[in-house]
Amino acid sequence: MGTKMGTGPGAPEADMAGDDEITAGADGGESSGAEGADGGESSPRAAGPEAAAAGPARPSPRQRLAPLLPELPAALIALVISVCFGLSYGVNYGASNQTAYMLGALRLLDPSVLTKDWYATGPANYHPAFSYVGWLLLAIDRGGSAVGWGLVVTATLGALCVYWLAAELLKDRRLALATFLLVMAIAFVTRTDSVASSYIFDFILQPSTLGSLFLLAALPPLVAGRTLLSGVFLGLSGLFHANYLVLGIGTFGLAQLLLGWRDGWKGLARRIAMQVGPAIAVFLLLSPLILRSVRSPDAAFAQEILFNIRSPHHYAPRTYKGNFFPVAAWQMFGLGAGGWLLRGREGRGRRLGAVVLAMAIVIWTGTLLTTWVQIPRVAQLFVWRFAPFLDLLMQLLACAASASIAARPSLFRRIPSAGLALTLGGFVALAMFDKEGDLAPPLLLALAPGAAGALVGAAASLLERRGVGLAPARAFLLRFGAYALVAYAAFACLRFGVPKVRGYEERSNVIKGMRGPEADMYAWIRANTPKDAVFLTPPQLERFRLLGERAIVVDWKGSAYVPSELVEWYRRLEDVSGRKGFRRSDDLADGYGDLDAARLDPLQKKYKFDYVVVGRGRQRDLPGKVVYQNSRFVILDLAG
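Rules used throughout
Throughout this description, residue numbers start from 1 for each chain and increase along the sequence as written. Given that the model is predicted, a residue must reach a pLDDT of at least 70 before its local features are reported, and side-chain atom pairs must reach 80 or more before they are shown or counted; all residues, however, enter totals for whole chains, interfaces and linings. Computation of side-chain values covers all heavy atoms of the structure but excludes hydrogens and water. Secondary structure elements follow DSSP: runs of H or I of four or more residues count as helices, runs of E of two or more count as strands, with numbering from the N terminus. Classification of residues uses two cut-offs on accessible area relative to the type maximum, computed with a 1.4 Å probe and protein chains only: under 20% is buried, over 50% is exposed, and between them is partly exposed. By definition, residues are in contact when any of their heavy atoms lie within 4.5 Å. Using a 1.4 Å probe, accessible areas were evaluated by the Shrake-Rupley method; residue-level cover was limited to the displayed protein chains. When charges are counted, neither His nor the chain ends are considered; positive counts come from Lys and Arg and negative counts from Asp and Glu. Where a charge lies is defined by one atom per residue type: Lys uses NZ, Arg uses CZ, Asp uses CG and Glu uses CD. Just to be clear on terms, a salt bridge is a Lys or Arg side-chain nitrogen sitting within 4 Å of an Asp or Glu carboxyl oxygen. A patch consists of residues whose relative accessible area exceeds 30% and which take part in no salt bridge; residues with like charges are grouped when within 9 Å of each other, and nonpolar side chains (Val, Leu, Ile, Met, Phe, Trp, Tyr) when within 5 Å. One fewer than the residue count of a helix, multiplied by 1.5 Å, yields its expected span. The definition of a polar contact used here is a pair of N or O atoms within 3.5 Å, where within protein one atom must be able to donate a hydrogen and the other to accept one, and adjacent residues in sequence count solely through side-chain atom pairs. In this description, a line fitted to the C-alpha atoms serves as the axis of each element, helices being fitted only across the stretch in contact, and the angle between N-to-C directions of two axes falls anywhere from 0 to 180 degrees. Oblique is the label for any angle not covered by the other classes, which are roughly parallel (under 35 degrees), roughly antiparallel (over 145) and roughly perpendicular (65 to 115). Whether a crossing is left-handed or right-handed is set by the direction in which the near helix is turned from the far one by less than a right angle, anticlockwise for left-handed and clockwise for right-handed. Any residue that is not Ala, Val, Leu, Ile, Met, Phe, Trp, Tyr, Cys, Pro, Asp, Glu, Lys or Arg is counted as polar, Gly included; the first ten are nonpolar and the last four charged. Note on disulfides: each one is a pair of cysteine sulfur atoms within 2.5 Å. Any two rings among Phe, Tyr and Trp, with Trp reduced to its six-membered ring, count as a pair given centres within 6.5 Å; such a pair is stacked if its planes are under 30 degrees apart, edge-to-face if over 60, and tilted if neither. As a reminder, the over-ring test applies to NZ of lysine and CZ of arginine, requiring each to be within 6 Å of the ring centre and within 35 degrees of the ring normal. Think of a nonpolar core as a cluster: buried Ala, Val, Leu, Ile, Met, Phe, Trp, Tyr and Cys residues, connected wherever their side-chain atoms sit within 4.5 Å.

Caption draft 1: Summary view of the overall build of the chain. Helix and strand counts for the chain come out as 29 helices and seven strands. Principal axes of the C-alpha set define a box for the chain whose edges measure 95 × 55 × 50 Å. Taking all 640 residues of the chain together, the buried fraction comes to 54%. Taking as baseline every contact in the chain between residues at least 6 positions apart, the subset at least 24 positions apart corresponds to 73%. Put simply, the chain shows about 27600 Å² of open surface, and 62% of that area lies on carbon and sulfur atoms. Between the mean site of the 64 positive side-chain charges and the mean site of the 49 negative ones, the chain shows a separation of 3 Å.

Right under this line is the structure:
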């Protein structure tokens, strides 16, 4: 144990398994050693020629279930915490990005609505697979409750994938459970948010939610050496979101290259084919949609609109350079504390290390090429979508190291002095950049088991040097220490999870119901206007299409990505607001508020709308008959 070894994915590992693994006696479980040299699954060898000829005996149902029963309690605890994590986001429908992404589902459910809407019938359907998921959920309940609960289910499954990943890495159910609970304590606080307004899960179900779920699901089988299963999940991730598709092919393909060709060039080619083959098939399926965004005479103007007007929070990294420091701090924290886990472990650590390194290369290369050197195409790849996943992996490494050292204090010696310095530096940086001041407590609770284990190990070494026998204490720790560790981790998780779950009803518009002047107006519109009617609306009224189920001229939320369509969106907003060359969304509200008869007449001739929605009091200088009004809005029928 005196020799320090590299922590990279290609580091030697054969002599490390005995030191890094927690033995079966620690928790009564069994460690797995059935992986092949190339990371694939190998079959047990037959005992001899006679056994080979006879073939394996078919196990009885009881024999098949017996190995699963010891895993059940830990899995049930993980399930309960995962459900709590899903509930913590609330049960919501018809908000934020859903107002654009659910339109395809609404039109599948009812093709008679939005037939004259430019956005809904043209550029809107960038996520065709999600449209079918949304259609199924709306078919269950058109009011959106199934969509809201769909987020809870998806986030629950995503959290369970984190437990699955911990179990595959550590091969010890109690250590895996303790690690998972500590990671979730952090996740309840961070909400899985990262740089450039990126996240794994948010408060609504949207295409990236399903992309996140399947990307998380691709990690455990990759660590286990089940490359094809990982590739299938990666393909499903890309099916629901193009960013995950392109970045997934690059990142996971690079990870396989980093794992090398120990099994020969043919083996490497086979692994790469299994890893990214399903995603490439999805790419070919979606290629007409993707290629529409590649070449266009409007590309330069469209990039200016997208990067600097519509979404600078996503695509203008020079405006949020400081937000990259926490990403780096998480990597210092995780690799410093748990880098030693990325070696040995029968190849599992090496495979996880390859993914970590590949993600870091993609993210930091993309950051370099959009800050120091500005390449618009790289910015459009939005490499920061993978930043919260890398943050999560760093959190898992730190928590797994802490739990492992608590269960086996001698493992503390696997952390070199540089690793301890990185861990401390990462912790301090995270605490400094934490504006709310609520991140340090879960980090301290996550590190406390490892610190306690290190102190116990140091005290034990000192006592043994003085001739004190510690065999009974060691036996007691091996037998009951894991239970105490899980209990502590559960306390830490509940400490931060309970407040988030307790108020989920208040954060759930599906449960509370959608009330207020805007919701009342949408109800009246659905009941009293033709389905093919077209409305001119304030650009900030983003829920109109989805909840009112009527076509509009344009709004701020429903932007496009294909260059020619993005330019069309911008031109429509210029017309509606009367603000040529606008730069901010606030300019649109001010411009629409100044709408008068002189501007309305040419707009109506150009866009052929039937109704106009304005703020109460703004209707005095406009033509048309008032057919509806409440405390906030007035609707004018221009035909009346």
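Caption draft 2: Spatial organisation of the environment of R572. As for its position among the elements, R572 is in helix α27 (residues 563–577). Overall, the relative accessible area of 12% leaves R572 in the buried class. Between the alpha carbons of R572 and V553 there is a distance of 7.4 Å; along the sequence they are 19 residues apart. Once residues lying within four places of it in the same chain are set aside, the contact partners of R572 are W118, V553, V554 and Y607.

Caption draft 3: Structural view of the pattern of salt bridges. Scanning the entire structure with this criterion turns up 20 salt bridges. Note that K116 is salt-bridged to D532, the shortest N-O span being 4.0 Å. Of this pair, K116 sits in the loop between α6 (103–109) and α7 (118–121) while D532 sits in the loop between α25 (517–528) and β3 (534–536), and the two are 416 residues apart along the sequence. A relative accessible area of 52% places K116 in the exposed class. For D532, a relative accessible area of 38% corresponds to the partly exposed category. When the shortest N-O distance is used, the salt bridge between E346 and R348 registers 2.9 Å.

Caption draft 4: Seen up close, a nonpolar patch on the surface. The grouping of L69, L72, L76, L79 and V83 at the surface amounts to a nonpolar patch, some 420 Å² of accessible area in total. With respect to the secondary-structure elements, L79 resides in helix α4 (residues 72–87).

Caption draft 5: Helix α17 (residues 324–338), seen in detail. Helix length check: α17, at 15 residues, gives a terminal C-alpha distance of 21 Å against a target of 21 Å (1.5 Å per residue), a fit within 8%. Structurally, α17 contributes buried residues whose contacts are with α10 (173–190), β1 (193–194), α18 (348–371), α20 (387–407), α21 (417–433) and α22 (440–465).

Caption draft 6: A look at the side chain of T529. Among the structural elements, T529 can be located in the loop between α25 and β3. Residue class for T529 comes out buried when judged on its relative accessible area of 7%. Look past the residues within four positions of T529 in its chain and what remains in contact with it is W524, F535, R550 and Y611.

Caption draft 7: Local environment of the environment of Y628. Checked against the element boundaries, Y628 lands in strand β6 (residues 625–629). Sequence spacing of Y628 and V613 is 15 residues, and the spatial spacing of their C-alpha atoms is 9.4 Å. In this view, Y628 contacts P517, D520, M521, W524, F633, V634 and I635; residues no more than four positions away in its chain are not counted. At 3.0 Å, the side chain of Y628 forms a polar contact with the side chain of N630.

Caption draft 8: The arrangement of the packing of helix α13 (residues 242–258) against helix α14 (residues 264–291) in detail. At their nearest, the axes of α13 and α14 sit 10 Å apart, and the two run at 165 degrees to each other. One element, α13, and the other, α14, form an angle in the roughly antiparallel class. Crossing of α13 against α14: the hand is left-handed. Touching L245, V246, I249, F252, G253, Q256 and L257 of α13 are L268, R271, I272, Q275, V276, A279, I280, V282, F283, L286 and I290, all from α14. A per-class count over the contact of α13 with α14 returns 14 nonpolar, three polar and one charged.

Caption draft 9: Examining unusual backbone geometry more closely. Look at E549: it is not a glycine, yet its phi comes out positive at around 60 degrees. With respect to the helices and strands, E549 occurs in the loop between α26 (544–548) and β4 (551–552). Residue classification places E549 among the buried positions, given a relative accessible area of 12%. Its identity is not glycine, yet K608 carries a phi of approximately 55 degrees, on the positive side. Tracing the backbone shows K608 in the loop between α29 (597–607) and β5 (611–615).

Caption draft 10: Spotlight on the state of the cysteines. The full count for this structure, using the stated rule, is zero disulfides. Of all cysteine sulfurs, the one in C84 lies closest to C493, which takes part in no disulfide; the gap is 7.9 Å. Using a relative accessible area of 1% as the deciding quantity, one classes C493 as buried.

Caption draft 11: Spotlight on the packing of aromatic side chains. Per the counting criterion, the structure on display carries 29 aromatic pairs. Here the aromatic rings of F85 and Y89 are separated by 5.3 Å at their centres, their planes lie at 85 degrees, and the arrangement is edge-to-face. In terms of burial, F85 and Y89 fall into one category: buried. Taken together, the ring pairs in this structure connect F307, Y315, Y320, F324, W364, F382 and W384 into an aromatic cluster. A cation over a ring is seen here: R191 above Y89, with NZ or CZ 4.2 Å from the ring centre. Positioned over the ring face of F496 is R495, at 4.7 Å from the centre of the ring.

Caption draft 12: Focus on the nonpolar core. In this structure, F180, M521 and L536 are the most contacted members of the largest nonpolar core, which totals 181 residues. At 16 residues, the largest contribution of residues to this core is made by α20. Setting aside chain neighbours within four positions, we find L536 in contact with V553, V576, Y592, L595, L600, L603, F609, Y611, V612 and V613.

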